[in-house]
Amino acid sequence: MRSRMIAGAAAVVLAVVGTVLIVGYARGADARATAGQQLVQVLVVSAVVPRGTPADQLGNLVAVTSVPVDVAVTGAVTKLDQITGTVADVDLQPGEQLLSSRFVRPDALTTQGGTPLPAGLVAVTVPLDPTRALGGAVAAGDRVGVLVSYDLDTQPARQTHLQLNSLLVTAVQGSVLTNSVPATGTAPASTPVSAAAATPVQTNGLLVTLALPAADAEQLVFGAEFGKLWLAEEPKGTPSTGTRVVTPEKALTPERGTP
């Protein structure tokens, strides 16, 4: 009986030691991954931030972390005073970089669920990598164009075209490319997080819902099924003329065609 107890205790000790060694190796690998890269500091969500939370109440809900320059998302907040007087327009999840585009003035807080679907249009949701959706900064109420690239069996095989213009974004779901933040022991906004805890990771992509005429919806779904989509920000009034179908040959010429 005594020997079995000793053997059991020894097994527990070995398991703990093994776990410590694995965690230590993983942290070392994280540090090596960021070594030699130019880093910038951004604020990252460290606890769930409910929609409507004022920016001045984020002190214990975000942490400062260092990330490689090419991982910092456009519009990332580096200091809370950049969004003073605003509130979160969506629920924010741990691990997200804090983006100014996700905050609005209190009187501009949108209705839950995003922007209402205009009469006569249909809504289609497409999955997009954040890099193809304005760096993850796309938000409900934006106007966007959709570029579609195809690699076809016919000639010309490869082609890209700004296929749809001025589409209303009615909703955005999901997370952007962010950085891992420890699940426990999160630091307050004034405390830097170690480089090992700032290793970039790919979280879920975005689900972007667009409002558009039924005929355009067919083109959008076809492009999502058989091509690759990119969103282009198109504020109201942006001209859509002068575009053309770009092939490998035309990509190297300055010539401009007609829509």
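Throughout, residues of each chain are indexed from 1 in the direction in which the sequence is written. Predicted model: local features are reported for residues with pLDDT of at least 70 only, side-chain atom pairs are reported and counted for 80 or more only, and whole-chain, interface and lining totals are derived from all residues. Hydrogens are left out, water is left out, and the side-chain values use all remaining heavy atoms of the structure.

> Explain the overall build of the protein chain to me, please; I cannot follow it from the model alone.
Tallying secondary structure elements over the protein chain gives two helices and twelve strands in all. In the protein chain, the succession of helices and strands from N to C terminus is α-β-β-β-β-β-β-β-β-β-β-β-α-β. Should any heavy atoms of two residues lie within 4.5 Å, those residues are counted as being in contact. For the protein chain, the proportion of contacts with a sequence separation of at least 24, taken over those separated by at least 6, is 70%. The protein chains shown are the only cover counted for residues, whose accessible areas, like all others here, come from Shrake-Rupley with a 1.4 Å probe. Total accessible area computed for the protein chain in this model is approximately 14,700 Å², and 59% of it derives from carbon and sulfur atoms. Strands are runs of DSSP state E lasting at least 2 residues, helices are runs of H or I lasting at least 4, and numbering of each runs from the N terminus.

> Could you clarify how one ought to interpret the nonpolar core in this entry?
Across soluble globular proteins, nonpolar side chains show a tendency to be buried alongside one another. Residues Val-138, Val-146, Val-208, Leu-210, Leu-220 and Leu-231 are the most contacted members of the largest nonpolar core, which totals 20 residues. When residues of this core are traced back to their parent elements, those giving at least two are strand S5 (122-128), strand S6 (143-151), strand S7 (158-174), strand S11 (206-212), helix H2 (214-226) and strand S12 (228-233). Not counting chain neighbours up to four residues away, the residues in contact with Leu-231 comprise Leu-128, Arg-132, Ala-133, Leu-134, Val-138, Val-144, Gly-145, Val-146 and Val-208. We define the nonpolar core as a collection of buried residues of types Ala, Val, Leu, Ile, Met, Phe, Trp, Tyr and Cys that are connected through side-chain atoms lying within 4.5 Å of one another. When accessible area is computed with a 1.4 Å probe and restricted to protein chains, residues below 20% of their type maximum are described as buried, those above 50% as exposed, and intermediate ones as partly exposed. Formed by 13 residues, the second largest nonpolar core is a distinct cluster that contains Leu-43, Val-64, Leu-98 and Phe-103.

> What is the right way to read the environment of Val-44 from this model?
Summarising the element assignment, Val-44 is placed in strand S1 (residues 39-45). Under the relative-accessibility criterion, Val-44 is labelled buried at 1%. Considering only alpha carbons, one finds Val-44 and Gly-95, 51 residues apart in sequence, at a separation of 6.1 Å.

> Whenever I open this one, the side chain of Thr-209 confuses me. Can you help?
Its place among the elements puts Thr-209 in strand S11. With residues near it in sequence (within four places) discarded, Thr-209 still touches Ala-123, Val-124, Thr-125, Leu-168, Val-169, Thr-170 and Ala-171.

> It is not clear to me how the packing of aromatic side chains should be interpreted in this structure. Could you clarify?
Geometrically, a pair of aromatic rings is defined through the distance of the ring centres and the angle of the planes. Aromatic pairs are defined between Phe, Tyr and Trp rings, using the six-membered ring for Trp, whenever the two ring centres lie within 6.5 Å; interplanar angles under 30 degrees are classed as stacked, those over 60 as edge-to-face, and all others as tilted. Scanning the entire structure with this criterion turns up two aromatic pairs. Taking 6.0 Å as the distance between ring centres and 50 degrees as the angle between the ring planes, the aromatic pair formed by Tyr-150 and Phe-222 counts as tilted. Residue Tyr-150 is located in strand S6, and its partner Phe-222 is located in helix H2; the two are separated by 72 residues in the primary sequence. Both rings, one in Phe-222 and one in Phe-226, keep their centres 4.8 Å apart while their planes meet at 50 degrees; by these two values the pair is tilted. Of the two residues, Phe-222 and Phe-226 both sit in helix H2, four residues apart, roughly one turn of that helix. Residue class for Phe-222 comes out partly exposed when judged on its relative accessible area of 45%.

> I'm lost on unusual backbone geometry in this one. Help?
For residues that are not glycine, phi is negative in most cases, and the peptide bond is trans in most cases. Located in the positive-phi region is Leu-134, a residue other than glycine, with phi close to 60 degrees. Its location among the elements puts Leu-134 in the loop between S5 and S6. Residue Leu-134 is classed as partly exposed on the basis of its relative accessible area of 25%. Even without a glycine there, the phi angle at Ser-166 is positive, about 50 degrees.

> Looking at this structure, how should I read the pattern of salt bridges?
Pairing of side chains with opposite charge becomes possible as their charged atoms draw close. When a carboxyl oxygen of Asp or Glu lies within 4 Å of a side-chain nitrogen of Lys or Arg, that pair is called a salt bridge. Tallying each qualifying case throughout the model produces two salt bridges. For Arg-102, the salt bridge goes to Glu-96, with nearest N and O atoms at 3.8 Å. When sorted by exposure, Arg-102 lands in the same class as Glu-96, which is buried. Of the charged contacts in the structure, one is a salt bridge between Asp-151 and Arg-158, with a shortest N-O distance of 3.8 Å. Each member of the pair, Asp-151 as well as Arg-158, carries the same accessibility label: exposed.

> Before we go on, may I ask you to explain H2 in this structure?
Count 3.6 residues to each turn of an α-helix, and residues three or four apart come out pointing the same way. For H2, which comprises 13 residues, the first-to-last C-alpha distance of 19 Å matches the rise-based estimate of 18 Å (1.5 Å per residue) to within 8%. Looking only at H2, the buried set comprises Ala-217, Leu-220 and Gly-223. All buried residues of H2 lie within an arc of 125 degrees about the axis, which places them on one face of the element. Looking at H2, the residues exposed on the side facing more than 90 degrees away from the buried face are Ala-215, Glu-218, Glu-225 and Phe-226. Contact partners of the buried residues in H2: S5, S6, S7, S11 and S12. Here, expected helix span is obtained from the residue count minus one, scaled by 1.5 Å. The arc refers to the directions leading from the helix axis to the C-beta atoms.

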